[in-house]
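These are the residues of each chain, in order.
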Amino acid sequence: MAQANTVDTIEVIPSGKALGAEIRGIDLSKETPEDVRDVLKKAWADHLVLLFRGQKLEDEHLLAAADIFGGQQLAGSRAFFLKAGFKPGETHRVASKAGISIVSNLDKDGKPVKYTEAVGSLELDWHTDNSYVDVPPAGSLLHARIVPVDGGGETSFNNQYLAYETLPDDLQQEIDGKHIRHDNLRNTAGRFRPTVEPPKSREDIEGPAHPIVRIHPVTGKRALYLGRKYEWPSSHVVELDDAASEDLLTRLWRHATQDRFKWTHSWIAGDLVQWDNRCTMHQRNPVDHTQPRVLHRALIKGESIISAWNPEAAA
Ligand SMILES: [Fe+2]
């Protein structure tokens, strides 16, 4: 058995931006005793996004890392792929281990391409992972196995506590008590999932309604929770008509995605980045699709959303 990690070697180095910190002095392929876990959990609550460099991790280590922070959760997309006939381990999207998603731009022959089911080369707009399920994952862990050299694919993160705290008064009042229905018909790249018929009106949109502001179960702080904005008809404010919903969402997204809330990470192989889906969003630059890019992702188990409109109702 490899030597366990100890608290003596851990360093937490803040990014100096609105969120993010690098954790040094830990090897996540080794055991993490309870006191080390406590340090990591506190760093996550304080900094929202953690970067661990130089990690040699198999999928089982990635899943063990998810266990440190609350357990594992299956990706919402997995069920769509299985329903469409994809077999676990057979493609570059559906991993053999249920808790793992593969983010890859390789085709079936292992060649990098622009379009795959794993959306590995495309630019991704701001979003939070799996907001389209009833109980979204608390966090995500993404481990870089192969990344392009100077080939794009940088990931940016933003701080949605700050976005909430700096909301102008008019927006603050307009969102009070309101909810967004989170479209589950599209994938992260905005494309329709296998077997899905494109919607014609908001009545065709499937997905849960979540409060626009949620309370973080660990920090007790309030964060904007916007999910993802797609082309209409899609996610919308439940309590407003179509035009008013689009208008409010456009203004909220403009506010929430300002550069002052952001930190950008440039990947090197061996990086593990862990983010909190309850109080951050992320976005990816386009990838040079002539270069291979393969990352493995695990999700950290979420808990029922605590609504800022009705905090005592949380399960
Ligand atoms: Fe994502």
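Residues numbered from 1 in each chain as written. Predicted model: local features only at pLDDT ≥ 70, side-chain atom pairs only at ≥ 80, totals over all residues. Heavy atoms only, no water.

### Regarding the coordination of the iron ion
Move 1: In the first shell of the iron ion, the protein supplies His-127 (NE2), Asp-129 (OD) and His-282 (NE2), at 2.1 to 2.2 Å from the metal.
Move 2: In the primary structure, the donors to the iron ion are separated according to the pattern H-x1-D-x152-H.
Move 3: The exposure class of His-127 is buried, given its relative accessible area of 5%.
Move 4: Exposure remark for Asp-129: the relative accessible area of 3% places this residue in the buried category. (Donors = N, O, S within 2.8 Å, 3.2 Å for Na, K, Ca; no water. Buried < 20%, exposed > 50% of the residue type's maximum accessible area, 1.4 Å probe, protein only.)

### Focus on the nonpolar core
Move 1: Counting residues in hydrophobic clusters, the biggest one holds 28 residues, and the most contacted among them are Ile-23, Ile-26, Leu-40, Phe-52 and Leu-141.
Move 2: Among the secondary structure elements, those contributing two or more residues to this core are strand 2 (21-24), helix 1 (34-47), strand 3 (49-52), helix 2 (59-68), strand 5 (100-104) and strand 17 (294-300).
Move 3: In terms of residues, this core owes the most to one element, helix 2, which gives 5 residues.
Move 4: Residues Tyr-164, Val-213, Leu-249 and Ala-256 belong to the second largest nonpolar core, which totals 22 residues. (Core = buried A, V, L, I, M, F, W, Y, C linked by side-chain atoms within 4.5 Å. Helix = DSSP H or I, 4+ residues; strand = E, 2+ residues; numbered from the N terminus.)

### Description of the sheet that holds strand 6 (residues 124-127)
Move 1: Reading across from one edge, 6-16-8-14 is the order of the 4 strands in this open sheet, with antiparallel pairing throughout. Lying at the two open borders of the sheet, with one neighbouring strand each, are strand 6 and strand 14 (262-265). Adjacent strand axes in the sheet meet at a mean angle of 15°, parallel and antiparallel pairs treated alike.
Move 2: As judged from the 2 bridges shared by strand 6 and strand 16 (residues 280-284), these two strands associate in the antiparallel manner. Of the residues in strand 16, the one forming a bridge with Leu-124 is Arg-284. (Pairing = 2+ DSSP bridges. Axes fitted to C-alpha atoms, helices over the stretch in contact; angles between N-to-C directions.)

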